[in-house]
Amino acid sequence: MSTFDPLKEQLTQAAREFGGDTVSGILAGLVDDVDRALREELEIFPVCHHSPSSALAMVRRLREKQPKVIYLELCEDLQPLLTELRNCRLPVAVQAFATDLDGFPKSWSPLSVVAPITEASAEYQAISYALDTPGVELVLVDRSTDHVFQWMPQEEPQKTHKEEEAGLHGDAVGVEIGDLRPRFAELEEHLLHHGKVRHWSEWWDQYVEQPLSGADYDTYRQVMVLIGSLFRRLRPDGDDRLTLDEDRERYMWTRMREHLAASGADPADCLYVCGAFHAASHVEQFGLRSTAAYEITPRTGTKWLYGLIPSSHSAIEAQFGLASGSVSIAAATWAKAVTRNGLTPFQLAGQKGTRKRSAKLPVPKADAAPADRLTGFLSRPPALDPLDEAELLGWSVDIVRLARRNGYLASTADAIAVFETSILLAGMRNRARPTPYDFQDAAVTCIEKDVVPGRRDVRRLCEILLGGDRVGEVGYDALPPLARNVYDRLAPLGLDLEKRTIQRALLDLSSDPELVPCSDLLWMLRYLLPHDAVRPIMGERRLGERSIQESWDLAFGKHQRAVIELGYEGVTVEQVLEQRLRRQVWDPKATAAVALAAVEDAILYLGSKRFADELGARAVELLSTERSVDDAPEVLRRIRRLMAYYRASEPELPAWCEEFATAGYAHYCTLLPTAFVDDDIGVRQVAAMLGFLFSMESLALALGCDRAQLELAVQQSHPEAPAKVALLWASRTQLGLLPLAELRSRCDELLANPLVVPSFPQYIMGFVQAMEPVPSLSGFVVEVISKAFGRLPDNVLLPWLPRLITMLRDQAGELMPVLVREAGRTFPGGLAAVDAWTPPWSGRPAPPKAAAAPVASGPVAELLMGHPATCDAVAALLGCEGEWRTPAAAGDDHREVRALLAEHAEPARAVAALLS
């Protein structure tokens with residue numbers, strides 16, 4: 001007869017009377033699952049993720065049983081990392097990371113799996129006991145991180161837990177131990193409604209955590225298996241996750257049987273720690289006596305990297321869908337229960353951030369036959385904790401103090417109101433003792449009211465009061481080589497980079513040259529890390545320029561995860577930067593602009609000429625194969641900057657720059673006619689193409705290009721859009737195919753045509769963009785705009801003006817300073833001079849023709865006049881017309897000088913007196 005037969009009969013009888021055979025079968029199945037788990041030869045310890053009651057039960061059971069082997073539900077390939085936990089401050093997360101994928105879709109890269117660990121968790125207590133107790137073996141039996149992604153649907157992206165609030169975990173997939181939550185939405189809604197709570201975390205704390213925190217081990221174990229079985233049996237039909245869970249259970253039982261067979265361990269000295277959901281497993285591989293085979297597939301060729309990253313309570317809550325503040329409340333509950341029960345939890349030797357605890361293990365007790373604890377637990381009402389007035393009063397006073405610091409007009413009356421309201425809410429929810437959630441609701445009601453000043457609301461202040469968002473830290477010894485190298489190289493700054501606060505670093509590079517390597521490293525980290533991890537306050541790094549003083553805001557402690565993940569990519573920061581740049585330019589979607597940007601970054605941060613030349617050669621290849629000119633403005637801007645840098649710092653241009661100039665000249669000449677008529681290509685892109693052709697023309701011609709190719713491309717261009725027509729006219733003027741006088745005449749005709757005036761802003765836009773390839777045209781652009789404002793009537797100009805301003809701002813914002821400077825040179829500087837000012841492009845009366853002055857006499861004049869045929873032949877060859885003038889008489893060739901000296905004789909007399 002089974003231990004639970006009386007309970008099973010009692011539940012079956014009640015179910016038949018009130019719910020029929022379906023409910024009867026479910027209740028009987030729950031009891032069978034509990035009985036099956038307890039009768040298993042290998043002791044099963046059911047847990048819930050980050051549950052204080054699970055951690056308390058684990059501490060008690062480990063001291064009683066003192067197992068020799070602990071099987072833990074955690075990815076088996078994470079085991080080597082667990083010893084590094086002693087160098088960290090909890091909470092931290094064990095991470096597996098992969099960027100080079102083999103066997104997975106490339107779009108999934110990078111792959112990341114994290115398993116967060118807190119002190120108030122059963123898994124940490126088991127790890128601490130196993131690692132610090134001699135003769136105890138810890139074996140991780142869950143699927144490997146490679147299998148986590150193998151078992152995912154290949155057509156779906158792997159980032160199923162991508163949350164903005166996940167913070168320290170980023171896009172990593174979380175691995176939970178003991179995920180206990182109803183997978184039947186109606187069941188969860190029913191429990192929340194009748195439990196008078198808002199979310200699942202509050203229900204679990206009220207109806208599971210609190211009753212089980214002081215329960216004995218048998219009661220805890222049976223209740224947890226019962227809950228796991230309930231959620232398992234009430235799952236929705238077609239739950240795909242059940243198949244995944246069953247595969248995990250087959251995997252774990254197979255690994256445990258393999259280990260027992262290989263090690264010869266006694267199952268009586270072993271403990272299997274798994275989620276309560278898995279404790280009620282129905283797979284055929286369940287149990288040590290099962291003979292059902294299960295084939296574990298091999299891992300893929302993906303190379304996995306492992307490490308520890310900092311975690312936090314808020315990151316755990318966001319990633320696993322827990323209520324905000326629930327992990328902090330669980331940590332506070334754990335600390336209080338440890339003190340109340342007089343327990344000494346297990347702790348890794350050398351653990352940072354905790355006080356040292358040590359206690360000798362008692363003599364292990366023999367296991368008694370399991371007794372029925374469920375009947376008593378289910379039949380008697382829960383024991384209600386009495387009201388702890390001192391604790392609640394302390395909370396009420398402290399929350400008012402915090403509220404005042406954050407801008408709330410809270411007073412002593414509010415503290416009294418929070419105290420009384422907490423008791424009132426607990427009574428309405430059938431609780432003798434207010435929970436932290438009741439206290440939060442009371443504080444929001446009494447303090448926040450209808451106004452929320454500042455960035456923190458009262459609910460967040462309650463979370464801070466009850467423990468706050470504790471953030472972990474990975475110790476120096478547990479960091480990857482790259483992260484340790486970064487800290488070592490920045491040691492001359494004299495800062496504690498492990499602090500989570502923002503620290504200011506001041507670098508005087510001229511007086512302290514030893515800080516130059518620190519500056520170089522900070523600029524590389526600025527490129528690789530998030531923007532607020534390393535932020536320059538003073539100083540900049542551009543081609544050909546270096547700062548003599550720099551100021552930085554450093555937040556390495558806050559972004560320790562990002563620094564650690566750099567260590568997965570290489571051994572040094574320089575190696576990681578080089579790999580990223582090379583990966584950018586060899587990406588299938590890379591463009592010439594991307595490659596030029598990589599060249600610039602390589603010069604700025606790495607200073608490697610060889611590597612810059614390699615990237616530059618790739619830029620030439622990309623430019624030659626491009627069929628789009630969308631990036632032409634950026635290509636022009638970057639190649640101009642790079643060539644200016646090389647001309648100023650190198651004796652000659654690199655070979656790739658010359659190849660880029662010739663390839664770009666031919667490339668853009670070929671695409672120019674199409675770009676002029678293609679509506680999808682903007683006028684800015686065409687202007688950038690012309691800017692490249694005109695600015696690189698002298699270099700390209702010197703390297704063997706033919707100018708006729710550019711002239712033919714311009715001649716074959718026949719745009720219809722007004723802006724491109726204006727741009728074409730400007731380019732023809734630059735090539736000498738369209739005189740400036742004719743261009744001015746065409747613009748005057750456009751202004752005189754009322755049908756064209758509405759579209760004249762587009763012509764102006766084309767001329768403005770033409771200032772990029774033809775800078776000498778800036779004065780003409782000012783002339784055209786001035787003529788438009790001067791000639792158009794108000795009824796035409798006023799509707800036309802907003803459109804012009806909008807187009808100039810949106811499409812030519814970077815060229816407006818050039819236009820404004822040219823206008824400043826053209827127009828008078830003062831208001832008084834405007835009336836008398838005449839525009840330089842207006843027609844002026846020709847000055848009267850002065851009488852031809854006689855030619856100065858002398859040997860040259862006499863020689864030329866003596867042989868006029870030679871001068872006449874040269875003039876005819878050059879197309880010059882002129883006539884011979886009479887040479888001046890002797891003594892008349894310096895009459896201007898004589899007149900000046902006669903009018904101002906004093907300086908001449910003073911010089912004569914000085915010389916005499």
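Residues numbered from 1 in each chain as written. Predicted model: local features only at pLDDT ≥ 70, side-chain atom pairs only at ≥ 80, totals over all residues. Heavy atoms only, no water.

Focus: the overall build of the protein chain
- Secondary structure assignment for the protein chain yields 38 helices and 13 strands.
- Taking the contacts inside the protein chain whose residues are at least 6 apart along the sequence as the reference set, 76% of them involve residues at least 24 apart.
- Total accessible area on the protein chain is roughly 44200 Å²; 55% of this is exposed by carbon and sulfur atoms. (Helix = DSSP H or I, 4+ residues; strand = E, 2+ residues; numbered from the N terminus. Contact = heavy atoms within 4.5 Å. Areas by Shrake-Rupley, 256 points an atom, 1.4 Å probe, with all protein chains shown as cover.)

So, the sheet that holds strand β2 (residues 69-75)
- Read from one edge of the open sheet, four strands run β1-β8-β2-β6, paired in parallel fashion. Edge positions in the sheet fall to β1 (43-47) and β6 (137-142), since each of these pairs with one other strand and no more. Mean inter-strand twist for the sheet, computed between neighbouring axes without regard to direction, equals 30°.
- Note that β2 and strand β8 (residues 270-275) share four bridges and pair parallel. Residue pairing for β8: tyrosine 71 is matched across the bridge by tyrosine 272.
- Taken strand by strand, helix α4 (residues 122-132) contacts β1, β2 and β6, and its axis lies near 135° from that of β2. (Pairing = 2+ DSSP bridges. Axes fitted to C-alpha atoms, helices over the stretch in contact; angles between N-to-C directions.)

A short note on the environment of valine 725
- Locating valine 725 in the fold gives a position in helix α29 (residues 722-734).
- Accessibility expressed as a relative area gives 13% for valine 725, which makes it buried.
- Separated by 48 residues in the primary sequence, valine 725 and valine 677 have C-alpha atoms spaced 9.8 Å apart.
- Excluding residues that lie within four positions of it along the chain, valine 725 makes contacts with Pro719, Glu720 and Tyr763. (Buried < 20%, exposed > 50% of the residue type's maximum accessible area, 1.4 Å probe, protein only.)

Details of the nonpolar core
- Leu490, Leu525, Phe556 and Phe660 are the most contacted members of the largest nonpolar core, which has 205 residues in total.
- The element contributing the most residues to this core is helix α25 (residues 655-677), with 12 residues. (Core = buried A, V, L, I, M, F, W, Y, C linked by side-chain atoms within 4.5 Å.)

So, the sheet that holds strand β12 (residues 534-538)
- The three strands are arranged β11-β13-β12 in an open sheet whose pairing can be described as antiparallel. In this open sheet, the two strands that pair with only one neighbour each are β11 (503-508) and β12. Strand-to-strand twist of the sheet, defined as the mean angle between neighbouring strand axes without regard to direction, takes the value 25°.
- Alignment of β12 against strand β13 (residues 549-554), held across four bridges, turns out to be antiparallel. Each bridged residue has a counterpart across the sheet, and for methionine 538 the counterpart in β13 is serine 551.

Section: unusual backbone geometry
- Geometrically, the link from leucine 90 to proline 91 is a cis peptide bond, its omega value of 5° lying close to zero.
- Positive phi, normally seen in glycine, also occurs at glutamine 66, with a value near 50°.
- Note that glutamine 66 resides in the loop between α3 (52-65) and β2.

Comments concerning the packing of helix α14 (residues 389-405) against helix α15 (residues 412-428)
- With their axes 9 Å apart at the nearest point, α14 and α15 run at an angle of 135° to one another. Between α14 and α15, the angle is such that the two are oblique. When you trace α14 past α15, the crossing you get is right-handed. Residues Glu389, Leu392, Leu393, Ser396, Val397, Val400 and Arg404 of α14 touch α15, and the partners they reach there are Thr412, Asp414, Ala415, Val418, Phe419, Ser422 and Ile423. (Parallel < 35°, antiparallel > 145°, perpendicular 65-115°, else oblique. Left-handed = near helix turned anticlockwise from the far one by under 90°.)

Description of a negative patch on the surface
- A surface patch of like charges, here negative, comprises Asp630, Asp679, Asp680 and Glu720.
- Mapped onto the secondary structure, aspartate 679 falls in the loop between α25 and α26 (683-695).
- On the basis of relative accessible area, aspartate 679 is assigned to the exposed category, the value being 73%. (Patch = residues over 30% accessible without salt bridge, like charges linked within 9 Å, V, L, I, M, F, W, Y side chains within 5 Å. Salt bridge = Lys/Arg side-chain N within 4 Å of Asp/Glu carboxyl O. Lys, Arg positive; Asp, Glu negative; His and termini not counted. Charge placed at Lys NZ, Arg CZ, Asp CG, Glu CD.)

Examining the side chain of glutamine 285
- Residue position: glutamine 285 is located in the loop between α10 (276-279) and β9 (305-310).
- A polar atom in the side chain of glutamine 285 sits 3.2 Å from the side chain of arginine 250.
- At a separation of 3.5 Å, a polar atom in the side chain of glutamine 285 contacts the side chain of glutamate 284.
- The contact partners of glutamine 285, leaving out residues within four places of it in the chain, are Arg250, Trp253, Arg257, Ser290, Ala292, Ala293 and Tyr294. (Polar contact = N/O pair within 3.5 Å; in protein donor to acceptor, adjacent residues only side chain to side chain.)

Considerations on the pattern of salt bridges
- As enumerated under the stated definition, the model contains 48 salt bridges in all.
- Here arginine 707 makes a salt bridge to glutamate 697, at a shortest N to O gap of 2.4 Å. Here the residue arginine 707 occupies a position in helix α28 (residues 707-715), and glutamate 697 occupies one in helix α27 (residues 697-702), the gap between them amounting to 10 residues.
- Judged by its relative accessible area of 27%, arginine 707 is partly exposed.
- One salt-bridge network, in which partners are shared between bridges, spans Arg744, Asp748, Glu783, Lys787 and Arg791.

Some thoughts on the packing of aromatic side chains
- If you walk through the whole model with that rule in mind, you get 23 aromatic pairs.
- Taking the centre distance of 5.2 Å and the plane angle of 70° together, the rings of tryptophan 253 and tyrosine 272 count as edge-to-face. Residue tryptophan 253 is found in helix α9 (residues 240-263), and its partner tyrosine 272 is found in strand β8; the two are separated by 19 residues along the sequence. Taken as a pair, tryptophan 253 and tyrosine 272 share a single burial class, namely buried. (Phe/Tyr/Trp six-rings, centres within 6.5 Å; stacked < 30°, edge-to-face > 60°.)

Things to note about the confidence of the model for the protein chain
- Predicted confidence across the protein chain gives a mean pLDDT of 83, with 87% of residues reaching 70 or more.
- Across residues 156-165, where pLDDT falls below 50, the model places 21 contacts with residues more than four positions away in sequence or in other chains. (pLDDT = per-residue confidence, 0-100.)

Topic: helix α16 (residues 436-448)
- The terminal C-alpha atoms of α16, which comprises 13 residues, lie 17 Å apart, in line with the 18 Å expected from a rise of 1.5 Å per residue.
- Taking burial as the measure, the 13 residues of α16 include 12 buried ones, the bulk of the element.
- Where α16 is concerned, the buried positions are Pro436, Tyr437, Asp438, Phe439, Gln440, Asp441, Ala442, Ala443, Val444, Cys446, Ile447 and Glu448. (Expected span 1.5 Å × (residues − 1).)

Some points on α3
- A rise of 1.5 Å per residue sets the reference length of α3, with its 14 residues, at 20 Å; its end C-alpha atoms lie 20 Å apart and thus fit the reference within 8%.
- Burial of α3 is extensive: 13 of the 14 residues sit out of reach of the surface.
- One or two steps after α3, the chain reaches glutamine 66, where phi turns positive at roughly 50°.

Quick notes on a nonpolar patch on the surface
- Where nonpolar side chains cluster on the molecular surface, the patch consists of Val860, Leu864, Met865 and Trp884 and spans about 370 Å² of accessible area.
- With respect to the helices and strands, leucine 864 occurs in helix α35 (residues 859-866).

Points about the packing of helix α32 (residues 778-791) against helix α34 (residues 816-826)
- Interaxial distance between α32 and α34 falls to 9 Å at its minimum, and their mutual angle equals 75°. Considering their axes alone, α32 and α34 lie roughly perpendicular with respect to each other. Residues Ser778, Gly779, Val781, Val782 and Ile785 of α32 lie in contact with α34, whose contacting residues are Leu819, Glu822, Ala823 and Thr826.
- Tallied by class, residues from the contact of α32 with α34 come to five nonpolar, three polar and one charged. (Nonpolar A, V, L, I, M, F, W, Y, C, P; charged D, E, K, R; others polar.)

Focus on the environment of isoleucine 447
- Within the secondary structure layout, isoleucine 447 lies in helix α16.
- Residue classification places isoleucine 447 among the buried positions, given a relative accessible area of 5%.
- The residues contacting isoleucine 447, other than those within four sequence positions of it, are Ile399, Val400, Ala403, Tyr408, Ala410, Asp414, Val418 and Val458.

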